[in-house]
Amino acid sequence: MDGSRDFIQWLGQDMALKILMCLEDPSDLVRTSAVSRSWRHFVIANGLCKKLCLRKFPEASSFARVIEPKKTVEPVASGTDDSVERAGLEREHRAYASLSRDLTISKIENCISDAICASSTDNYPEESITNTLDPSDRVGHRASYWSSKGERNPSAPETLIYKLASQLCLITELHVHPFQAKAVRFQIGHPKVPLDLESDERDELLEVQHFSDDEFVWTYSSPEFPMVQENRLQTFKLPEPVLCIGGILKVELLGRHHQCQAIGRTLSPAFDVEMIDEWGKCTLKYDPERMCDASPAEMLEAESSSRSHIHRFSESIRTWEQIILNTFRGAGPVMIDDYDSDYEYVD
């Protein structure tokens, strides 16, 4: 690109950063970095994909570092400090760009994979928490629901804890089929020590209700939602989508309920987390080779859509740049056909 026509050079780094930080979708920065090599360098050097991802999903601030497990890490002595820093910025750009894309295009589904335990069960196993995983209202000839023993203190909530389908899930809303429950609240977090229960240990945990809230760290608490006294599946939309790091969901309510679903996006197996401390700091693991779970048709559709977006975005960038340049020169606006550019596109 001709430097005299590059608005980033015209405006300077500070103003260009302010303009690009006005973008709402982090994936737009991937398209921006495809405009030219100099723009790609600018996006990566300033960590813009990470900054926008953190702005949209504040929970991602728990990632203390990013690693690519299958990448060979070169010793620091093998390169200059600048080359090591550049490699780190490139790695973060790849991880946060892919994370943003996955958080945007992954299939919306029920993210609950299993039940861990309930604070109490009135009649185990007929009224176990596992009944809440079944979308049907009946099992055989009897009703299917979880029922608590009840608390002496009527204001004390009953608690159910679920395992999510992935260490990283974006939860947007929750569905609960209540029975005589007045209100519900949701918490999201991770265990202080990894949960690695065999099926027989899990069944024993469900039966004896050996449960302590101190075994988990809750990093998000929803508002308290009032429940309609109707026998149907009710939807509770969170104020903002919440990135769950650690894969644990807690439901607090009074009474019994039939069913629970956490609706959102389960991220690709390419992403995993490793907890660094019990307070939530963790390592984001990104393995590009595992970004292959989508069907060929879905991958082809996503690739076609991405190329179309890049083309349209690049055209709009050209017009935007020319308008800014003309403003500085005192000239009037131009149509896009009037602009002949020598952009070099980067795959």
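Remember, predicted model here, so these are calculated numbers, not experimental data. (Residues numbered from 1 in each chain as written. Predicted model: local features only at pLDDT ≥ 70, side-chain atom pairs only at ≥ 80, totals over all residues. Heavy atoms only, no water.)

Asks: Please explain the overall build of the chain as it appears in this structure.
Replies: Scanning the chain for helices and strands turns up eight helices and 15 strands. Per-residue burial for the chain yields a buried fraction of 43% across its 347 residues. Expressed as a percentage of contacts within the chain between residues at least 6 apart in sequence, the contacts between residues at least 24 apart total 81%. Element-wise, carbon and sulfur atoms account for 51% of the exposed surface of the chain, whose accessible area totals about 18,700 Å². (Helix = DSSP H or I, 4+ residues; strand = E, 2+ residues; numbered from the N terminus. Buried < 20%, exposed > 50% of the residue type's maximum accessible area, 1.4 Å probe, protein only. Contact = heavy atoms within 4.5 Å. Areas by Shrake-Rupley, 256 points an atom, 1.4 Å probe, with all protein chains shown as cover.)

Asks: Explain the packing of aromatic side chains here, please?
Replies: For the coordinates displayed, the defined rule picks out five aromatic pairs. Residues Phe-186 and Phe-225 carry aromatic rings whose centres are separated by 6.1 Å and whose planes lie at 50° to one another, so their mutual orientation is tilted. Here Phe-186, found in strand β8 (residues 183–191), pairs with Phe-225, found in strand β10 (residues 225–226); they are 39 residues apart in sequence, far enough to count as distant. The exposure classification of Phe-186 matches that of Phe-225, with both residues buried. Pairing Phe-225 with Phe-236 gives two aromatic rings, centres 5.6 Å apart and planes at 50°, and the pair type is tilted. Here Phe-225, found in strand β10, pairs with Phe-236, found in strand β11 (residues 234–245); they are eleven residues apart in sequence, far enough to count as distant. As far as the burial class goes, Phe-225 and Phe-236 line up, both buried. Here the aromatic residues Phe-186, Phe-225 and Phe-236 are joined through ring pairs into a cluster of three or more. (Phe/Tyr/Trp six-rings, centres within 6.5 Å; stacked < 30°, edge-to-face > 60°.)

Asks: I'm lost on the nonpolar core in this one. Help?
Replies: For soluble globular proteins, nonpolar side chains are generally found buried alongside one another. Ranked by internal contacts, the top residues of the largest apolar core, which has 37 residues, are Phe-63, Leu-99, Leu-168, Leu-243 and Leu-284. If you tally residues by element for this core, the top one is helix α6 (residues 81–105), at five residues. If we ignore the near neighbours within four places in the chain, the residues touching Leu-284 are Phe-63, Arg-65, Val-66, Ile-67, Leu-99, Leu-168, Phe-271, Asp-272 and Val-273. Membership of the second largest hydrophobic core comes to 29 residues, among which are Tyr-220, Phe-225, Met-227 and Val-251. (Core = buried A, V, L, I, M, F, W, Y, C linked by side-chain atoms within 4.5 Å.)

Asks: Help me out: how do you make sense of the sheet that holds strand β1 (residues 63–67) in this one?
Replies: Think of a sheet as strands paired side by side through backbone hydrogen bonds, with each pair either parallel or antiparallel. Overall, mixed pairing links the three strands, which are arranged β1-β15-β14 in an open sheet. Taken across any chain shown, the strands that pair with only one partner, and hence form the sheet edges, are β1 and β14 (271–275). Along the sheet, successive strands turn relative to each other by an average axial angle of 25°, direction set aside. In this sheet, strand β15 (residues 282–286) lies alongside β1 in parallel orientation, the contact comprising four bridges. From the neighbouring strand, Ile-67 faces β15, where its bridge partner is Lys-285. (Pairing = 2+ DSSP bridges. Axes fitted to C-alpha atoms, helices over the stretch in contact; angles between N-to-C directions.)

Asks: What exactly am I supposed to notice about helix α5 (residues 48–56) here?
Replies: Note that an α-helix has 3.6 residues per turn; residues three or four places apart therefore point the same way. All of the buried residues in α5 are Leu-48, Cys-49, Leu-52 and Cys-53. The arc enclosing the buried residues of α5, seen along the axis, measures out at 130°, which places them on a common side. In this structure, the buried side of α5 is in contact with α2 (13–20), α3 (27–33), α4 (37–45) and α6. (Arc of directions from axis to C-beta.)

Asks: Could you clarify how one ought to interpret the confidence of the model for the chain in this entry?
Replies: Close reading of the predicted structure is inappropriate where its pLDDT is low. Confidence in the prediction for the chain averages 76 pLDDT; 69% of positions are at 70 or higher. Per-element mean pLDDT across the chain ranges from 51 in helix α7 (residues 199–208) up to 94 in β11. Note that pLDDT drops below 50 for residues 295–304; the model gives that stretch two contacts with residues more than four away or on any other chain. For residues 333–347, every residue scores under 50 in pLDDT, and the model assigns this stretch 34 contacts once sequence neighbours within four places are set aside. (pLDDT = per-residue confidence, 0-100.)

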